[in-house]
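Chain residues, written in single-letter form:
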Amino acid sequence: MMFQPSGPPDTSAYYHAAYVWAAVLYGGYAVLLWVRARRVRERLRASQDAPVSS
Amino acid sequence: MTSAPIGGESSVPMSASRRGPLFDPLFIVAVLGMVAAYVRAIFFTPIEALQGAAQKIYYIHVPSALSAYISLTIVALMSIVYLWLGDERADRLAESAGEVGLVFLSGVLTTGPLWAKPIWGTWWTWDARLTLTLFLWFLTTGYLVLRGAIDDRAMRARYSAVLGILAAVLIPFIHLSVYLFNTLHPMPIVLKPDKPSMPNDMLVTFLGFFAACTVLCIALIRMRYRYGVDRDALRAIEGGVEAD
């Protein structure tokens, strides 16, 4: 039986997984940061708009 | 001539309308850069002859590591500035860079095993570089946990600054660990004294990812810093009530 040279095994699933995971991780952190920032800013706006009691 | 008060941003709450946008414009640039880098890596970069398609993980893994190093170097530098000048803006920037650095380190520690499994046949090995990077992840997590555990602002800033500096000392050891120890981890291909041992097609993809990741890192730090300014202003108004 003759040895049939072939290319490297198909490992594309690993790199697809890595690319999707990186996008989810970095995108997810950015969204989380935006949610936290928006929440704090709303509270800040509410605090600044609240009437000052003497 | 009067100078600005040290750490004056939180002591004088700014009106909400004068604050910057929640999403930094730089973030949009970073997203566009990342999309372009993804497209180039997936569709226009050749597959490496020996490792196959899994080698493309390199393009996201190494720039993530470099972004983590940049973030944690900022933590150390700003910690030194805080210990020297007592400027709370430096402490806030260190905190912001620490959190972003942890995200990028998490990216490194998860994309690495996805490359290791098809190439080494195992997800993880207690190799010097892997172990030191995991140790840095725990140190950075500890840095953020420490910040959350101390109520007194000055004490929190001082203690975490010391930890932030110590964590950054690990970075050169991680980079040099492949020379210092007998490790499985590949030697540097780009960041080495000689010229990069990588074909031009692949090098351009790597540099594109590196640029996009660096811009993303800076944009996230800026967004996190802005959040910190708002949070501290809210604390000042509410009399020390935590805003998280």
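What counts and how
Residues numbered from 1 in each chain as written. Chains lettered and ligands numbered in written order. Predicted model: local features only at pLDDT ≥ 70, side-chain atom pairs only at ≥ 80, totals over all residues. Helix = DSSP H or I, 4+ residues; strand = E, 2+ residues; numbered from the N terminus. Buried ≥ 20, exposed ≤ 12 C-beta atoms within 10 Å, placed from the backbone. Contact = placed C-beta atoms within 7 Å. Nonpolar A, V, L, I, M, F, W, Y, C, P; charged D, E, K, R; others polar. Expected span 1.5 Å × (residues − 1). Core = buried A, V, L, I, M, F, W, Y, C linked by C-beta atoms within 7 Å. pLDDT = per-residue confidence, 0-100. Axes fitted to C-alpha atoms, helices over the stretch in contact; angles between N-to-C directions. Parallel < 35°, antiparallel > 145°, perpendicular 65-115°, else oblique. Left-handed = near helix turned anticlockwise from the far one by under 90°.

A. Seen up close, the overall build of chain A. Broken down by element type, chain A carries one helix and zero strands. Per-residue burial over chain A gives 24% buried out of 54 residues.

B. Just the interface of chain A and chain B, in detail. Taken together, the contacts link 28 residues of chain A with 39 residues of chain B. Residue composition of the side of chain A that touches chain B, grouped by class: 18 nonpolar, four polar and six charged.

C. Focus on helix α1 (residues 12–49) of chain A. Taking 1.5 Å per residue, 38 residues should reach 56 Å; α1(A) reaches 55 Å between its end C-alpha atoms and fits that length. Considering only its buried residues, α1(A) is in contact with α2 (25–43), α3 (58–85), α4 (88–120) and α7 (200–238) of chain B.

D. Local environment of the nonpolar core. Residues Ile57(B), Leu216(B), Cys217(B) and Leu220(B) are the most contacted members of the largest nonpolar core, which totals 70 residues. Where this core is concerned, the elements lending two or more residues are α1 of chain A together with α2, α3, α4, α5 (128–149), α6 (153–180) and α7 of chain B. With 17 residues, the top contributor of residues to this core is α7(B). Residue contacts for Cys217(B): discarding those within four places in its chain leaves Ser67(B), Ile70(B), Ser71(B), Val100(B) and Phe104(B).

E. Fine view of α3(B). Residue and element names in this part refer to chain B. Under the 1.5 Å per step criterion, the end-to-end length of α3 is 40 Å for 28 residues, consistent within 8% with the ideal 40 Å. Within α3, 21 of the 28 residues are buried, leaving the element largely enclosed by the surrounding structure. Positioned one or two residues after α3, Gly-86 has a phi angle of 70 degrees, which is positive.

F. Inspection of the confidence of the model for chain B at higher detail. For chain B, the mean per-residue pLDDT works out to 89, and 90% of the residues sit at or above 70. The model gives residues 1–12 of chain B a pLDDT under 50, and that stretch makes 15 contacts with residues more than four places away or in other chains.

G. Summary view of the packing of α5(B) against α6(B). Residues and elements named next belong to chain B. Two numbers describe how α5 lies on α6: the axes approach to 9 Å, and their chain directions differ by 170 degrees. Comparing the axis directions of α5 and α6 gives the class roughly antiparallel. When α5 is examined against α6, the residues Ala-128, Arg-129, Leu-132, Thr-133, Phe-135, Leu-136, Leu-139, Thr-140, Gly-142, Tyr-143, Leu-146 and Arg-147 are found in contact with a partner set consisting of Arg-156, Tyr-159, Ser-160, Leu-163, Gly-164, Ala-167, Leu-170, Phe-173, Ile-174, Ser-177 and Val-178. Classifying every residue of the contact of α5 with α6 by side-chain character gives 14 nonpolar, six polar and three charged.

H. Representation of the packing of α1(A) against α7(B) within the structure. Put simply, α1(A) and α7(B) touch, their axes get as near as 9 Å, and they point 25 degrees apart. In terms of their interaxial angle, α1(A) and α7(B) are classed as roughly parallel. Here α1(A) runs over α7(B); the crossing is left-handed. On α7(B), the residues touching Tyr26(A), Tyr29(A), Ala30(A), Leu33(A), Arg36(A), Ala37(A), Val40(A), Arg41(A), Arg43(A), Leu44(A) and Ser47(A) of α1(A) are Leu216(B), Leu220(B), Met223(B), Arg224(B), Arg226(B), Tyr227(B), Asp230(B), Arg231(B), Ala233(B), Leu234(B), Ile237(B) and Glu238(B). Its residues assigned to classes, the contact of α1(A) with α7(B) shows 14 nonpolar, one polar and eight charged.

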